[in-house]
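Next come the chains, spelled out residue by residue.
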Amino acid sequence: MSEAARVRQALPPKGACWYCDKPLDNVRRFCGKECADAFDEEKEYTR
Ligand SMILES: [Zn+2]
């Protein structure tokens, strides 16, 4: 598992997508794989 994926899985669900802020249910962090991947990429580059 990559460092970014570990960071992503440690995020608490907040009722919205962490990447695009689209409203979600309370157990999901991202609305889709695309947002999760994009979030990972940003994390890799902003460290
Ligand atoms: Zn999203």
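Here goes a summary of the coordinates provided. Please read these numbers as outputs of a predicted model, since none were measured by experiment. Sequence positions are assigned chain by chain, starting from 1 and proceeding in written order. Where local features are concerned, this predicted model is filtered to residues with pLDDT of at least 70; where side-chain atom pairs are given and counted, the filter is 80 or more; whole-chain, interface and lining totals use all residues.

### Topic: the overall build of the chain
Step number 1: Helix and strand definitions here come from DSSP, where helices need a minimum of 4 consecutive H or I residues and strands a minimum of 2 consecutive E residues; each element is numbered from the N-terminal end. Of the regular secondary structure elements, the chain holds two helices and zero strands.
Step number 2: The C-alpha extent of the chain, read off along each of the three principal axes, is 25 × 15 × 15 Å.
Step number 3: Put simply, a residue is buried when 20 or more other C-beta atoms lie within 10 Å of its own C-beta and exposed when 12 or fewer do; between those, it is partly exposed, and each C-beta is set from the backbone. Residues counted as buried form 11% of the 47 residues belonging to the chain.
Step number 4: For the purpose of contact definition, each residue receives a C-beta atom placed from its backbone, and two residues are in contact when these atoms lie within 7 Å. Within the chain, contacts between residues separated by at least 24 positions form 21% of all contacts whose residues are at least 6 apart in sequence.

### Things to note about the environment of Lys-22
Step number 1: Within the fold, Lys-22 resides in the loop between α1 (3-9) and α2 (33-45).
Step number 2: Given 11 C-beta atoms within 10 Å, Lys-22 falls into the exposed group.
Step number 3: Those residues within four positions of Lys-22 in sequence are excluded, and the remaining contacts are Ala-16, Cys-17 and Cys-31.

### Re unusual backbone geometry
A negative phi angle is the norm for most residues apart from glycine, just as the trans form is the norm for most peptide bonds.
Step number 1: The backbone of Asp-21 sits at a positive phi, close to 65 degrees, despite the residue not being glycine.
Step number 2: Residue position: Asp-21 is located in the loop between α1 and α2.
Step number 3: Asp-21 sits in the exposed class, given 11 other C-beta atoms within 10 Å.

### Quick look at the environment of Asp-25
Step number 1: Residue position: Asp-25 is located in the loop between α1 and α2.
Step number 2: Note: C-alpha distance between Asp-25 and Ser-2 (23 residues apart in sequence) is 26 Å.

### Topic: the environment of Pro-23
Step number 1: Residue position: Pro-23 is located in the loop between α1 and α2.
Step number 2: If sequence neighbours within four positions are ignored, Pro-23 has contacts with Gly-15 and Ala-16.

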